[in-house]
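One-letter residues, chain by chain:
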Amino acid sequence: MRALVKDGIGVFSPQGFLDGNNVISFLSIDDIEATAKLNVDMILVSLKKVVFFNRNGLDAFVKMFAKVRAANHATVGFCDYDEKKFTAINKFYKDDLNFSLFSSYAVAELFASSFKDKNKNVLLYSEDKSQRAAMAIELHDNGHNPIIAQTQEEFKTKSKNANAYDVIIENTYLGQMGQKIATRVTGNAIIYTVSSFLDTQIGNTFNIAYHNNSLNVGFRLFIFDAFKVVSMNVHALNFFSKLASSSAEYNATICFVGLSFEKTPIEFKETLEDAGILFYEQMEEILDNKELLKELGASSATNVKNKRTLNKVIVTELPNFIEATVETIEMMTNSKAIKDAAKVDKIEIKEKDGKIASSIGFYGDIDGMVMLVFPIEIAKQACELLIGEETNDTEMILDTLAELVNIVGGKIKTLLGEQGHRVDITLPRTYPNVDALLEVAQEKKGVQVDLSFNDDKFLFFLTR
Amino acid sequence: MITKEKIEGYIQKIPPSSKILTVTLSLLNEGELIKAAQIAKQDLALSAYLKELVNKPIYGFTNSVSDLNQIFGILGVSKSQQAVYNYMIHLLSPDQWKLFQLNKQSFENLQAELSTGWQKITTHLQEDSKEIQSAIALLPASMIVADALFGEKIDDVNLLRSVNPIDLNTILQRLCGMDLFDICEEITKKWEMSSEIAEIVQAASGVKPSSNTKIDTLGKWMHLLLFYTLSKPTNIEAGLNDFIDFQVEYVGDIYEEFSTLMEIA
């Protein structure tokens, strides 16, 4: 069984009965190794569909938690349980509860640095006073408004007025929380989370290949969430200065949010500002200000540093790229694709209205980017399978489109792997209209393939 | 990925029940065990299947049983009918499973596990109707159908499920407007099985509760039995554990009784 990863949170969802006899079948050694290598903020095991478990059944997952935390410092724990299961877990691991317990996935999300929805009013209660404080601090750090009930009675009284709160937390426990450089996308800004002491290790923990490829895909705003940073030394200062200089070549902006200079020399701030890094106190100052977001580059991607051309390897693999894309869209829409035309040139989109787009980059043995332009109706149809219902909510369609393009990326990765090319894929980027896409793509040369699905025109563009 | 036409084609390809099977079932229905055994003997594959089935350790017979008269006699009317239905479903199973890591032997074991579990449940619930006791035989048909429809699309299914925790039943429902259990119902119609069997199995999907309280209760027990069985290591390794969604809330009110009956610690 593998974890399903979404928005930086990996979730295992076993079903049925969980005991010492069958847990090895749910979670093999390979599964544990693969999980430890995931680039996530959180690894959770959902007990929602588990009707029975005993300590032996949970032990294999608990051992995995230790491995994952040792490998990448992610937050680990169980979620989606009722009070009876919560009591049972506490009883099993009374003196050894070093993982977290979140009563639901929605509660866990609040504690994940990758969670997009901020500013939630959260009522919380725990019998343990230090747990109450720890939860409130974490929630506050993540941009929410925690309201602590000091007694069970107070909690009961307050929770009767459920409409006053977005989320009510009980039966939740924070084990050791994760500390890692995480990546998440809010709108089209990439947010990295940094914490504790920033020193020479930042060079090892920061995924520079991922960052460079995000630049290439067209991301232009990178925010370092630094609320939990205690201090920074000169090695980290040099690292960020260099990062800012190299990003400037792409006209990208780097910001620090919430960085305190109590224990970091204030001169460092001036040095970083000289390198072009901006400082903000609150994440909302950027994310809630659409004008500022636009100014900082989250919706723009002009001035691409390198206009790279396609190479022979990519052209040779072109049929694989098209096959991966066509198969996925066919699968999602249950319709057949017809190839209308193909050419090597700059991207050309004849009818811009009613279209949305998405792109995904790949890097490794070969690198490049696939852009897909969908008529919104095809996108809606393709997304219906994932959402389960018709929707006209553009944001939801774009989010689901990103998942769909992720599937295409996964397929490309597999197909290229079969040809002996090892590649990784970036996060998908979405564009609410064609103009936004053209800001990234109009100067790039690549292979354009026009396809029809049930007479709807669909465009595939492969470039570097 | 899968179209309604493909499903219709699949249903059309299901062979009608043979005359021997029809007559055997009809005689069993009348309680004519010896006559039914005489007819069943003419189908050598059926005889071999029944011999193998009842001699599985899970049936708990100390001595090997090989004569069909003896087999029907030991099993009694209800269990004999269930065994014949198991054989019919077994006929549908593929030579080579693609989606699930199953083979002839492991599928038969799964059928036997479900049948003995269901026997325990129907005895506990004091349900002695032949149709109710036989209903369990149809349940594994959902796995056969899933393998037949999704077997060639394993990579697509895996990719889809790598971004969304969606079960095969839901995928099929969203793509074609009918799910695995609807197809099972079509099988019952083709084989002229009792409509009660189809109703119980539809409820056992966990997503289509029956308005008939009795059928709904039986559906809950069957749904829980299914996941109790699919939580066995061999079935998890076969990839069966998550082919449909386990509806924990649906079985909430019978779980304690189930765990006592099955002696779950």
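Refer to the structure printed above.
Note that the structure is predicted; figures quoted are calculated from it, not measured.

Asks: How should the overall build of chain B be read in this particular structure?
Replies: Secondary structure assignment for chain B yields 15 helices and 0 strands. Residues counted as buried form 46% of the 265 residues belonging to chain B. Across chain B, every contact between residues at least 6 apart in sequence was considered, and the portion connecting residues at least 24 apart equals 68%.

Asks: For this particular structure, what's the right way to read the overall build of chain A?
Replies: In terms of regular secondary structure, chain A is built from 18 helices and 22 strands. Here chain A holds 464 residues, and the buried ones make up 45% of them. Long-range pairs, those at least 24 residues apart, make up 78% of the contacts in chain A between residues at least 6 apart in sequence.

Asks: Just to check I follow, could you spell out the interface of chain B and chain A for this structure?
Replies: Accessible area lost when the parts come together is the quantity often used to give the size of an interface. Between chain B and chain A, the residue contacts involve 27 residues of the former and 24 residues of the latter. Every element with two or more residues in the side of chain B that touches chain A is listed here: helix H9 (154–163), helix H10 (168–176), helix H13 (213–230), helix H14 (233–237) and helix H15 (255–261) of chain B.

Asks: Would you take a moment to explain the nonpolar core for this structure?
Replies: General note: in soluble globular proteins, nonpolar side chains tend to be found buried as a group. In terms of nonpolar packing, the biggest core is built from 179 residues, with Cys184 and Val201 of chain B touching the most fellow members. Counting residues per element, this core draws most heavily on helix H5 (residues 68–92) of chain B, at 10 residues. Composition of this core by domain shows at least three residues from each of domain 1 (4–169) and domain 3 (312–463) of chain A. Leaving out residues up to four positions away in the same chain, Cys184 of chain B has contacts with Leu138, Ala141, Ser142, Val145, Ala198 and Val201 of chain B. In this structure, Ile202, Phe222, Ala252 and Ile254 of chain A belong to the second largest nonpolar core, which totals 36 residues.

Asks: When you look at H5 of chain B in this model, what are you seeing that I'm missing?
Replies: Because each turn of an α-helix spans 3.6 residues, side chains separated by three or four positions end up pointing in the same direction. Across its 25 residues, H5 of chain B extends only 23 Å between first and last C-alpha, which sits more than 12% below the 36 Å expected from 1.5 Å per residue. At Gly76 of chain B, H5 of chain B is bent by approximately 115°, the largest bend along its length.

Asks: For this particular structure, what's the right way to read unusual backbone geometry?
Replies: Excluding glycine, most residues fall at negative phi; most peptide bonds, likewise, are trans. Phi is positive for Asn171 of chain A, close to 50°, though the residue is something other than glycine. When you line up the elements, Asn171 of chain A lands in the loop between strand S10 (167–169) and strand S11 (182–186). With 19 C-beta atoms packed within 10 Å, Asn171 of chain A lands in the partly exposed category. Positive phi, normally seen in glycine, also occurs at Glu263 of chain B, with a value near 55°. Structurally, the position occupied by Glu263 of chain B is in the segment after H15.

Asks: Mind showing me how you'd approach the sheet that holds strand S4 (residues 42–46) of chain A here?
Replies: Neighbouring strands of a sheet are bound in pairs by backbone hydrogen bonds; such pairs are parallel or else antiparallel. Residues and elements named next belong to chain A. Spatially, the 5 strands line up as an open sheet ordered S1-S2-S4-S6-S7, and their pairing is mixed. In this open sheet, the two strands that pair with only one neighbour each are strand S1 (4–6) and strand S7 (100–102). Here the strands of the sheet are splayed against their neighbours by 30° on average, with no regard to which way each runs. Of the pairings in the sheet, the one linking strand S6 (residues 75–79) to S7 comprises 3 bridges and is parallel in character. Across the sheet, Gly77 pairs through a bridge with Ser100, a residue of S7.

Asks: Just checking my understanding: could you explain the sheet that holds strand S9 (residues 145–148) of chain A for this structure?
Replies: Residues and elements named next belong to chain A. Ordered in space as S9-S8-S10, the 3 strands form an open sheet in which the pairing is parallel. In the strand order of this sheet, the two ends are held by S9 and S10, each with one partner. The mean angle between the axes of side-by-side strands here comes to 25°, regardless of whether they run parallel or antiparallel. By the bridge criterion, 4 bridges tie strand S8 (residues 121–124) to S9 in an arrangement that is parallel. From the neighbouring strand, Leu124 faces S9, where its bridge partner is Ile148. Most of the contacts of helix H6 (residues 129–141) go to S9, to which it runs at about 165°, and overall it touches S8, S9 and S10.

Asks: Mind showing me how you'd approach the environment of Asp7 of chain A here?
Replies: Mapping Asp7 of chain A onto the fold places it in the loop between S1 and strand S2 (9–12). Put simply, Asp7 of chain A and Ser113 of chain A are 106 residues apart on the chain and 9.7 Å apart in space, counted from C-alpha to C-alpha.

Asks: For this particular structure, what's the right way to read the pairing of strand S21 (residues 445–453) of chain A?
Replies: On any regular strand, side chains alternate: one points to one face of the sheet, the next to the other face. Residue and element names in this part refer to chain A. Two elements, strand S16 (residues 337–346) and S21, share 9 bridges in a ladder whose sense is antiparallel. Following the sheet pairing, Lys346 is matched in S21 by Lys445. Both S21 and strand S22 (residues 456–463) contribute to a ladder of 8 bridges, which runs antiparallel. The residue of S22 that forms the bridge with Gln448 is Phe461. Here S21 folds back onto S22, and the loop between the two strands holds 2 residues, one of which, Asn454, carries a positive phi near 50°.

Criteria and thresholds
Residues numbered from 1 in each chain as written. Chains lettered and ligands numbered in written order. Predicted model: local features only at pLDDT ≥ 70, side-chain atom pairs only at ≥ 80, totals over all residues. Helix = DSSP H or I, 4+ residues; strand = E, 2+ residues; numbered from the N terminus. Buried ≥ 20, exposed ≤ 12 C-beta atoms within 10 Å, placed from the backbone. Contact = placed C-beta atoms within 7 Å. Core = buried A, V, L, I, M, F, W, Y, C linked by C-beta atoms within 7 Å. Domains from an automatic or database assignment. Expected span 1.5 Å × (residues − 1). Bend = angle between axes of the 7 residues up to and from the residue. Pairing = 2+ DSSP bridges. Axes fitted to C-alpha atoms, helices over the stretch in contact; angles between N-to-C directions.

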